[in-house]
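Here is how the chains run, residue by residue.
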Number of protein chains: 2
Amino acid sequence: MSTSATTNEREEGLTFQPKFDASGLVTCVATDAATGEVLMVAHMNDEALRKTIESGDAWYFSRSRNALWRKGETSGQTQRVVEIRVDCDQDAIWIRVEQQGAACHTGRHSCFYRKIDAAGGGALLTFVDADRQFDPSNVYRK
Amino acid sequence: MSTSATTNEREEGLTFQPKFDASGLVTCVATDAATGEVLMVAHMNDEALRKTIESGDAWYFSRSRNALWRKGETSGQTQRVVEIRVDCDQDAIWIRVEQQGAACHTGRHSCFYRKIDAAGGGALLTFVDADRQFDPSNVYRK
């Protein structure tokens, strides 16, 4: 009963109670508020989520670097948050953002710059958007 | 060097080589092909991905039920795939779909039916779309 009540509260309630995974993360999808294009999929921990809500800029948690980061802090390609939504079981976040320049570290506007060629059995990709808005070797120079 | 070459091939190449996590899954975002709305965030294993590409219907892998499922096989709320994209490091998939009815098990069109009220400090949610397109207790009766 208590599990059921909790599930119902999580799905139908008006209290934000994000369900973090074993690593303390929720998945976050960022879309371009103007075009609806999916820009990137990343992760947020509790602090990234709180900073995003408080500041209106997108913050994420990098699993590979094990560090909190403000999107664009190195590249300048920031994301201004227009709306934050949460899904039914509160383990995924959708943010609609105004993307400054390119979201992808490769310099493309979206990380999803290739599509799968289903006709070819799914083994091959085709570029949907190959254009780089910046040169990664300049932006991320060590 | 080999790691760098692999990363470059994965990010710039035309070979689809999905990077599954330790559980054998990639994250999949489904958006409504007509409106751009994010419908749901779920997971795919290798078989779900292959079946999705081959059939043109969305297949997922349920972590809670530890089972492959064709979206809508119980509810009838299927997803016809219009386009499949992969992100830069090939660990996330974006599918644009024609959603039959509602994507969410609660009966809403999208799982993201509530937004976070940032003005209130982020503790509260507001319904963006409360309307149910079906009654879950009828659709998922045991």
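Keep in mind that what you see is a predicted model, and the values were worked out from it rather than measured.

J.: For this particular structure, what's the right way to read the overall build of chain A?
T.: Tallying secondary structure elements over chain A gives three helices and eight strands in all. Secondary structure elements of chain A occur, N-terminal to C-terminal, as α-β-β-α-β-β-β-β-β-β-α. Seen through its C-alpha atoms, chain A measures out along the principal axes to roughly 55 × 40 × 30 Å. Looking at chain A as a whole, 49% of its 142 residues qualify as buried. A separation threshold of at least 6 residues defines the contact pool for chain A, and within that pool the share at least 24 residues apart is 42%. Per element, the accessible surface of chain A, about 6800 Å² overall, is 46% carbon and sulfur. Positive and negative side-chain charges of chain A, numbering 17 and 20 respectively, have mean locations separated by a distance of 7 Å.

J.: Which parts of the structure should I look at to understand the pattern of salt bridges?
T.: Once their charged atoms are close, side chains differing in charge can pair, the charge on each being opposite to the other. Residue and element names in this part refer to chain A. Across all of its chains, the model carries 18 salt bridges over all chains by this definition. The salt bridge partner of arginine 85 is glutamate 83, with a shortest N-O separation of 2.9 Å. Look at arginine 85 and you get buried, because its relative accessible area is 10%. For glutamate 83, a relative accessible area of 13% translates into the label buried.

J.: Mind showing me how you'd approach the environment of Val82(A) here?
T.: Residues and elements named next belong to chain A. Looking at the element boundaries, valine 82 is found in strand β5 (residues 79-86). Since its relative accessible area comes to 43%, valine 82 is described here as partly exposed. Taking the C-alpha atoms as reference points, valine 82 and glycine 56, 26 residues apart in sequence, are found 7.8 Å from one another. If we skip the residues at most four places from it in the chain, valine 82 touches Ala33, Arg96, Val97 and Glu98.

J.: Could you clarify how one ought to interpret the relation of the copies chain B and chain A in this entry?
T.: Related by rotation about an axis and a shift along that axis, the two copies of the chain form a pair. At an RMSD of 0.0 Å, chain B and chain A line up after a rotation of 180 degrees and a shift of 0.0 Å along the axis. The transformation just described matches what one would write down for a two-fold rotation axis. Nearest to the rotation axis, the C-alpha of Gly36(B) is located 2.5 Å from it, this being the minimum over chain B.

J.: Hey, could you run me through the interface of chain B and chain A in this one?
T.: Where interface size is given, it is often the accessible area lost as the parts come together that is meant. The interface is formed by 48 residues belonging to chain B together with 48 residues belonging to chain A. Summed over both partners, the interface of chain B with chain A comes to about 4100 Å²; 60% of that surface belongs to carbon and sulfur atoms. It is Phe112(B), Arg114(B) and Ile116(B) in chain B that bury the most area against chain A; as a group they hold 16% of the surface buried on that side. The salt bridge involving Arg132(A) is made with Glu12(B); its shortest N-O contact spans 3.3 Å. Sorting the residues of the side of chain B that touches chain A by element identifies α1 (2-12), β1 (26-32), β2 (38-44), β5 (79-86), β6 (92-99), β7 (114-116) and β8 (125-127) of chain B as the ones contributing at least two each. In terms of residue class, the side of chain B that touches chain A is made up of 23 nonpolar, 11 polar and 14 charged.

J.: Explain the UniProt feature "domain: Phosphoribosyl-AMP cyclohydrolase" (unreviewed entry) in chain A here, please?
T.: Mapped onto the present numbering, the UniProt feature "domain: Phosphoribosyl-AMP cyclohydrolase" (unreviewed entry) falls on residues 40-113 of chain A. Annotation note: span residues 40-113 of chain A, helix share 14%, strand share 39%, distance between end C-alpha atoms 10 Å.

J.: How should the nonpolar core be read in this particular structure?
T.: Most often, soluble globular proteins have nonpolar side chains that are buried together. Ranked by size, the top nonpolar core spans 68 residues in total, and within it Tyr60(A), Ile95(A), Tyr60(B) and Ile95(B) carry the most contacts. Each residue touching Ile95(A), except ones within four places of it in the same chain, is listed here: Cys28(A), Val29(A), Ala30(A), Thr31(A), Met44(A), Ala58(A), Tyr60(A), Gln79(A), Glu83(A) and Ile84(A).

J.: Explain the pairing of strand β3 (residues 59-62) of chain B here, please?
T.: Residue and element names in this part refer to chain B. Burial along β3 is two-sided: Trp59 and Phe61 and Tyr60 and Ser62, pointing in opposite directions, are all buried. As paired strands, β3 and strand β4 (residues 67-70) are joined by four bridges and run antiparallel to one another. Following the sheet pairing, serine 62 is matched in β4 by alanine 67. Connecting the antiparallel pair β3 and β4 is a turn made up of four residues, with asparagine 66 showing a positive phi of about 50 degrees.

J.: Which parts of the structure should I look at to understand the UniProt feature "binding site: Zn(2+)" (unreviewed entry) in chain A?
T.: Per the UniProt record, "binding site: Zn(2+)" (unreviewed entry) is found at Cys88(A), Cys104(A) and Cys111(A). A maximum C-alpha distance of 27.7 Å among these annotated residues, which run over 24 residues, shows that they spread across the structure rather than meeting at one spot. The exposure class assigned to Cys104(A) is buried, which follows from its relative accessible area of 1%. Setting aside its immediate chain neighbours within four residues, Cys104(A) contacts His109(A), Ser110(A), Cys111(A), Tyr113(A), Phe134(A) and Cys88(B). By secondary structure assignment, the location of Cys111(A) is in the loop between β6 (92-99) and β7 (114-116). Dropping the residues within four chain positions of it, Cys111(A) is found in contact with Leu39(A), Met40(A), Cys104(A), Val86(B), Asp87(B) and Cys88(B).

Basis of the calculations
Residues numbered from 1 in each chain as written. Chains lettered and ligands numbered in written order. Predicted model: local features only at pLDDT ≥ 70, side-chain atom pairs only at ≥ 80, totals over all residues. Heavy atoms only, no water. Helix = DSSP H or I, 4+ residues; strand = E, 2+ residues; numbered from the N terminus. Buried < 20%, exposed > 50% of the residue type's maximum accessible area, 1.4 Å probe, protein only. Contact = heavy atoms within 4.5 Å. Areas by Shrake-Rupley, 256 points an atom, 1.4 Å probe, with all protein chains shown as cover. Lys, Arg positive; Asp, Glu negative; His and termini not counted. Charge placed at Lys NZ, Arg CZ, Asp CG, Glu CD. Salt bridge = Lys/Arg side-chain N within 4 Å of Asp/Glu carboxyl O. Least-squares fit on C-alpha atoms with pLDDT ≥ 70 in both. Buried area = accessible area lost by both parts, 1.4 Å probe. Nonpolar A, V, L, I, M, F, W, Y, C, P; charged D, E, K, R; others polar. UniProt positions renumbered as here; feature names shortened; annotations may be inferred. Core = buried A, V, L, I, M, F, W, Y, C linked by side-chain atoms within 4.5 Å. Pairing = 2+ DSSP bridges.

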